[in-house]
Amino acid sequence: MKSTIDQTETLPVQTMGMNTFVMKCGGSTLAALPDSFFEDLKDLQQKGVSPVIVHGGGPAISGNLEKLGIETEFVNGLRKTTEDVLDVVEMVLAGTINKQIVRRILSVGGAAIGLSGSDGGLIEAKPVINHAEVGWVGDVTHVKSSILSGVLDMGYMPVVAPIGVDESGQRYNINADTAAGAVASHMGVNRMIVVTDVPGILKGTGSEKRVLPTVTVQEVEDMIGTGEIYGGMIPKVRAAISCIHGKVSEVVIVDGSEPNVLSRVLGGEILGTRIVRM
Ligand SMILES: Nc1ncnc2c1ncn2[C@@H]1O[C@H](COP(=O)(O)OP(=O)(O)O)[C@@H](O)[C@H]1O
Ligand SMILES: CC(=O)N[C@@H](CCC(=O)OP(=O)(O)O)C(=O)O
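Reading the values: the criteria
Residues numbered from 1 in each chain as written. Chains lettered and ligands numbered in written order. Predicted model: local features only at pLDDT ≥ 70, side-chain atom pairs only at ≥ 80, totals over all residues. Heavy atoms only, no water. UniProt positions renumbered as here; feature names shortened; annotations may be inferred. Helix = DSSP H or I, 4+ residues; strand = E, 2+ residues; numbered from the N terminus. Near = heavy atom within 4 Å. Polar contact = N/O pair within 3.5 Å; in protein donor to acceptor, adjacent residues only side chain to side chain. Areas by Shrake-Rupley, 256 points an atom, 1.4 Å probe, with all protein chains shown as cover. 1 Å grid on protein atoms, 1.4 Å probe; cavity = no way out; pocket = protein on both sides within 12 Å on 5 of 7 lines; lining within 4 Å. Sits in = over half its atoms within 2 Å of the grid points. Contact = heavy atoms within 4.5 Å. Buried < 20%, exposed > 50% of the residue type's maximum accessible area, 1.4 Å probe, protein only. Axes fitted to C-alpha atoms, helices over the stretch in contact; angles between N-to-C directions. Parallel < 35°, antiparallel > 145°, perpendicular 65-115°, else oblique. Left-handed = near helix turned anticlockwise from the far one by under 90°. Nonpolar A, V, L, I, M, F, W, Y, C, P; charged D, E, K, R; others polar. Pairing = 2+ DSSP bridges. Core = buried A, V, L, I, M, F, W, Y, C linked by side-chain atoms within 4.5 Å. Phe/Tyr/Trp six-rings, centres within 6.5 Å; stacked < 30°, edge-to-face > 60°.

## Considering the UniProt feature "domain: Aspartate/glutamate/uridylate kinase" (unreviewed entry) in the protein
Next, step 1: In this structure's numbering, the residues bearing the UniProt feature "domain: Aspartate/glutamate/uridylate kinase" (unreviewed entry) are residues 19-255.
Next, step 2: Overall, residues 19-255 shows 41% helix and 26% strand. The separation of its end C-alpha atoms is 22 Å.

Shown next as structure tokens:
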């Protein structure tokens, strides 16, 4: 039987204008983002730049699970997701956090529409290979980028919660970095900006610690191998690596508390870490 999910999507990958970029915003930094961050987004929108936002919310999910007495555990950076956990993940990501971001954009005069990745079958997913171990965690198989370009055409920035769905209607918990990388690849944007709680990829120890301004895919792989990149940075760089093999030419990892960080990166300032092909 033909999938109902891909009936409306004929183009596998779109190529967006240079003015469209994907921004992934991590749960590590969301609560601390100042109004000026959202004003920067609004200013970009009013200048004709089109941000597509994909957000996380890991700490808020963990906090809610704890309140409910549901145990949570991560396997290689992915949350073990039972049906009970999935209920909380969807409620927090597609409900609380998604709507908070939309309201913060609206409150500074921007225009945003919140979407769960399951709305309209936007993010199509399948179980990850170690499904037996981690439960309902998804890998992205397709993104209906026409939904996102439709929202942009209406003059709104899409704000996407990383929930996936398959043709049977099963929901999936998708790591937000993975979801953002897949959105960037399928939309064919030039650039993805990953906003987090560190100033970029750090190398060295103690007072020798410094931000790497540019790293190649090979250098990132080496740093994972040596353990210099670990924990929550691993899905970020893995998502970066997989999307810069397509149309995306660079992924920039920056600190959300840096003033006007988005417009400065888009303006060409050397800020954070740029992951480039070679
Ligand atoms: N080489 C590295 N440079 C910077 N941060 C790193 C590095 N390796 C691991 N990290 C960790 O990655 C974290 C960011 O990932 P995470 O906490 O998942 O953020 P987010 O919620 O924004 O996705 C940092 O706070 C830091 O602890
Ligand atoms: C499968 C998986 O681990 N999903 C993540 C989704 C949220 C996320 O990725 O949020 P951050 O960007 O804040 O880390 C989770 O359940 O925490």
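## Some thoughts on the site of ligand 2
Next, step 1: In the vicinity of ligand 2 there are 16 residues, among which K24, G27, R79, N173 and A176 approach most closely.
Next, step 2: Measuring from an oxygen atom of ligand 2, one finds a side-chain N or O atom of R79 at 2.7 Å.
Next, step 3: A176 is positioned with one of its backbone polar atoms (N or O) 2.9 Å from an oxygen atom of ligand 2.
Next, step 4: Burial of ligand 2 by the protein amounts to 91% of the accessible area it has alone, namely 430 Å².
Next, step 5: Mapping ligand 2 onto the cavity grids shows that it belongs to the largest pocket.
Next, step 6: Those elements that place two or more of their residues in the shell around ligand 2 are α3 (58-67) and β4 (78-79).

## Brief notes about the site of ligand 1
Next, step 1: In the vicinity of ligand 1 lie 16 residues, with S28, T196, L202, E228 and K236 positioned nearest.
Next, step 2: Here a nitrogen atom of ligand 1 and a backbone polar atom of E228 are 2.8 Å apart.
Next, step 3: The protein chains hide 80% of the 580 Å² of surface that ligand 1 would expose on its own.
Next, step 4: Judged by the proximity of its atoms to the pocket grid, ligand 1 belongs to the largest pocket.

## Focus on the UniProt feature "binding site: substrate" (unreviewed entry) in the protein
Next, step 1: UniProt's feature table lists "binding site: substrate" (unreviewed entry) at G57, G58, R79 and N173, given in the numbering used throughout. Taken along the chain, the residues just named run across 117 residues; in space they keep tight, none of their C-alpha pairs more than 12.0 Å apart. The subset of these annotated residues that lines the largest pocket comprises G57, G58, R79 and N173.
Next, step 2: Relative to the assigned elements, G57 resides in the loop between β2 (50-55) and α3.
Next, step 3: Residues in contact with G57, not counting those within four places in the same chain, are G27, L93 and I97.
Next, step 4: Tracing the backbone shows G58 in helix α3.
Next, step 5: For G58, a relative accessible area of 27% puts it in the partly exposed group.
Next, step 6: Setting aside chain neighbours within four positions, we find G58 in contact with G27 and R79.

## Some points on the packing of helix α7 (residues 176-187) against helix α9 (residues 233-243)
Next, step 1: Two numbers describe how α7 lies on α9: the axes approach to 8 Å, and their chain directions differ by 15°. Considering their axes alone, α7 and α9 lie roughly parallel with respect to each other. Handedness of the crossing formed by α7 with α9: right-handed. Together, D177, T178, G181, A184 and S185 of α7 and P235, K236, A239, S242 and C243 of α9 make up the contact between the two elements.
Next, step 2: Of the residues contributing to the contact of α7 with α9, the split by class is four nonpolar, four polar and two charged.

## Thoughts on the sheet that holds strand β5 (residues 112-116)
Next, step 1: Strand order across the open sheet formed by eight strands is β5-β8-β2-β1-β11-β15-β16-β14, with mixed pairing between neighbours. Each edge of the open sheet is held by one strand with a lone partner, namely β5 and β14 (214-216). Put simply, the sheet's adjacent strands are angled 20° from each other on average, direction ignored.
Next, step 2: Relative to strand β11 (residues 191-196), strand β1 (residues 20-25) runs parallel, the two sharing five bridges. Note that in β11 the partner of K24 across the bridge is V194.
Next, step 3: The sheet strands contacting helix α8 (residues 217-226) are β14 and β16 (273-276), and the helix crosses β14 at an angle near 85°.

## Concerning the nonpolar core
Next, step 1: Of all hydrophobic cores here, the largest spans 41 residues; its most connected members are V22, L148, I201, V220, V237, V251 and I275.
Next, step 2: Elements that contribute at least two residues to this core include exactly β2, β6 (123-127), α6 (145-153), α7, β11, α8, α9 and β15 (250-255).
Next, step 3: A total of six residues in this core trace back to one element, the largest contributor, which is α7.
Next, step 4: Residues within four places of I275 in sequence aside, it is in contact with I201, V215, V220, V237, A240, I244, S249, E250, V251 and I253.
Next, step 5: Residues C25, L41, V102 and V195 belong to the second largest nonpolar core, which totals 37 residues.

## Focus on the packing of aromatic side chains
Centre distance and the angle of the planes are the two values used to describe a pair of aromatic rings.
Next, step 1: Scanning the model with the defined rule gives two aromatic pairs in all.
Next, step 2: Ring centres of F37 and F38 lie 5.4 Å apart, and the angle between their planes is 80°; this geometry places the pair in the edge-to-face category.
Next, step 3: Measuring from centroid to centroid gives 5.8 Å for W136 and Y172, while their planes differ by 70°, and the two rings are edge-to-face. You can see W136 sitting in the loop between α5 (131-134) and β7 (138-143) and its partner Y172 sitting in strand β10 (residues 171-173), a full 36 residues away along the chain.
Next, step 4: With relative accessibility at 22%, the residue W136 sits in the partly exposed group.
Next, step 5: Judged by its relative accessible area of 1%, Y172 is buried.

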